[in-house]
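# Descriptive structure summary
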Amino acid sequence: MKNIAVIGSGTMGNGIAHVFAQSNYKVSLIDISQDALDRALSTIAKNLDRMVSKEKITSADKENTLTNITAFTSMSEGVNGADLVVEAATENVELKMKIFKDLDEACDSNTILATNTSSISITQIAAVTNRPDKVIGMHFMNPVPIMKLIEVIRGYNTSDEVTNQIMEMSKGLGKIPVEVNDYPGFIANRILMPMINEAIYSLYEGVAGVEEIDKVMKLGMAHPMGPLQLADFIGLDVCLSILRVLHDGFGNPKYAPCPLLVNMVTAGHKGIKSGSGFYSWGHGTKDLILADQFKK
Ligand SMILES: NC(=O)c1ccc[n+]([C@@H]2O[C@H](COP(=O)([O-])OP(=O)(O)OC[C@H]3O[C@@H](n4cnc5c(N)ncnc54)[C@H](O)[C@@H]3O)[C@@H](O)[C@H]2O)c1
């Protein structure tokens, strides 16, 4: 495989394009928004500059990586000749179904179609194509150039051959792929989201405050940040929607989202992206400042 197309140039898409291009693949980066493409290319250049200044790569590596990436606003043009497409568009079931139907028509019959979805069933996405054996999940972690893990998710019909190809290719990118099966939340979110939800329940029930909960998990479990801070980073709306996927998918009340989480999202307190969640953001300081609602 030589030619990769990445659909969506947001937070994840720009990182995915970066790591493939740095490993010498030719990358077509596709987005419906020219602004998003411009932002992505400038983010990739900045991230490469940081790597040059830390002497992790040379200036020539940077230039080579950038010349490996071509931006497109037309999906059919961008996927022309692609051996692998990695879809990293907005997390929305109808949108992904439409993209995969279109990809199935636009791509060569041998092209592997991967999705970076955090929570949508790979089997469901594969079912709208005529090549369910060649549809697979490649769940990269944020920030993509730094995080080593790729959760490789086999849909119900994904072939052994395609799974092996993606596992090997992921290793070639300098990543560590882990193979899992396609059930709600896969492994990462199935385990992470209930932990975050339990932290929110503990706060809601008054067992401890925001800082105390995060401190226990940071210091006691050696987590790099507490679950409430992490929820602010991920986005409380994203956490809520993944919990709903788990709750609906398993029909088990243990996944029911905490009412406090529902209230916060409804009130527009979505974490870093909205300026406030469990903590208050955007002060230009690295210190954690509690959101007003959680000050004692
Ligand atoms: N952000 C994370 O931490 C994270 C981690 C792992 C996986 N994911 C998954 O990655 C995917 C992308 O998430 P993100 O955070 O990068 O989103 P984002 O909102 O930052 O970017 C999504 C991009 O998709 C583009 N887009 C929308 N419709 C499109 C279409 N039809 N064709 C081409 N581009 C289109 C948008 O213009 C936008 O630039 C989602 O499936 C998400 O669940 C996100």
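On a predicted model such as this, the values are computed, not experimentally measured, just so you know.

## Some points on the pattern of salt bridges
A complete count under the given rule lists 12 salt bridges for this structure. Among the ionic pairs, R131 bridges to D104, the shortest N-O distance being 2.7 Å. Taken together, the residues R131 in the loop between helix 6 (122–126) and strand 6 (135–140) and D104 in helix 5 (residues 93–106) connect sequence positions 27 residues apart. Just as R131 is buried, D104 falls in that class too. With its nearest N and O atoms 2.8 Å apart, the salt bridge here joins D160 to R154. The exposure class of R154 is buried, given its relative accessible area of 16%. Salt bridges here are not isolated pairs; linked through shared partners, they connect E87, E91 and K96.

## Comments concerning a nonpolar patch on the surface
There is a patch of nonpolar side chains on the surface, built from L149, I176 and V178 and spanning about 230 Å² of accessible area. One can find V178 in strand 8 (residues 176–181). V178 gets classed as partly exposed once you look at its relative accessible area, which sits at 38%.

## Points about the nonpolar core
Judged by nonpolar contacts, the single largest core of 34 residues is most densely connected at I16, F20, L84, V86, M138, F140 and I166. In terms of residues, this core owes the most to one element, helix 1 (residues 11–22), which gives six residues. Setting aside chain neighbours within four positions, we find L84 in contact with M1, N3, I4, A5, F20, T111, I112, A114, M138, I166 and M169. Counting residues in hydrophobic clusters, the runner-up holds 27 residues, among them L240, Y255, C258 and F294.

## Points about the sheet that holds strand 5 (residues 112–115)
By definition, the strands of a sheet pair up through backbone hydrogen bonds, in either a parallel or an antiparallel sense. With respect to topology, eight strands assemble into an open sheet ordered 3-2-1-4-5-6-7-8, the strand pairing being mixed. Across the chains shown, the open sheet's two edge strands, defined by having one partner strand only, are strand 3 (69–72) and strand 8. Averaged over neighbouring strand pairs, the angle between their axes works out to 25 degrees when direction is ignored. Examined bridge by bridge, strand 7 (residues 149–154) and strand 8 share six bridges and lie parallel to one another. When the bridges of strand 8 are listed, V152 appears paired with E179.

## Section: the packing of helix 8 (residues 188–204) against helix 12 (residues 259–266)
Their axes nearest at 8 Å, the elements helix 8 and helix 12 cross at an angle of 95 degrees. Put simply, helix 8 runs roughly perpendicular to helix 12. Seen from helix 8, the contacting residues are N197, I200, Y201, L203 and Y204; seen from helix 12, they are P259, L260 and L261.

## Description of the packing of aromatic side chains
With the rule as written, the count across this model stands at seven aromatic pairs. The interplanar angle of 80 degrees and the centroid separation of 5.4 Å between the aromatic rings of F20 and Y25 together place this pair among those described as edge-to-face. Considering the side-chain rings of F278 and F294, the 5.6 Å spacing of their centres and the 35 degrees angle between planes classify their relative orientation as tilted. In this pair, F278 is assigned in the loop between helix 12 and strand 9 (279–280) and F294 in the segment after strand 10 (289–290), connecting sequence segments 16 residues apart. On the accessibility criterion, F294 (16% relative accessible area) is buried.

## A word on unusual backbone geometry
Going from N142 to P143, the amide bond is cis rather than trans, its omega being -5 degrees. For P143, the location among the structural elements is in the loop between strand 6 and strand 7. Positive phi is not limited to glycine here, since N24 has a value of about 75 degrees. Tracing the backbone through its elements, the reader meets N24 in the loop between helix 1 and strand 2 (26–30). Overall, the relative accessible area of 51% leaves N24 in the exposed class. Even without glycine at this site, F186 takes up a positive phi of about 50 degrees. By secondary structure assignment, the location of F186 is in the loop between strand 8 and helix 8. On the basis of relative accessibility, which here comes to 3%, the residue F186 falls in the buried class.

## Brief notes about helix 10 (residues 227–234)
Because an α-helix completes one turn every 3.6 residues, residues spaced three or four positions apart along the sequence face the same direction. By the burial criterion, the buried members of helix 10 are P227, L228, Q229, A231 and D232. Positive backbone phi, approximately 110 degrees, marks G235, located one or two places after helix 10.

What counts and what doesn't
Residues numbered from 1 in each chain as written. Predicted model: local features only at pLDDT ≥ 70, side-chain atom pairs only at ≥ 80, totals over all residues. Heavy atoms only, no water. Salt bridge = Lys/Arg side-chain N within 4 Å of Asp/Glu carboxyl O. Helix = DSSP H or I, 4+ residues; strand = E, 2+ residues; numbered from the N terminus. Buried < 20%, exposed > 50% of the residue type's maximum accessible area, 1.4 Å probe, protein only. Patch = residues over 30% accessible without salt bridge, like charges linked within 9 Å, V, L, I, M, F, W, Y side chains within 5 Å. Areas by Shrake-Rupley, 256 points an atom, 1.4 Å probe, with all protein chains shown as cover. Core = buried A, V, L, I, M, F, W, Y, C linked by side-chain atoms within 4.5 Å. Contact = heavy atoms within 4.5 Å. Pairing = 2+ DSSP bridges. Axes fitted to C-alpha atoms, helices over the stretch in contact; angles between N-to-C directions. Parallel < 35°, antiparallel > 145°, perpendicular 65-115°, else oblique. Phe/Tyr/Trp six-rings, centres within 6.5 Å; stacked < 30°, edge-to-face > 60°.

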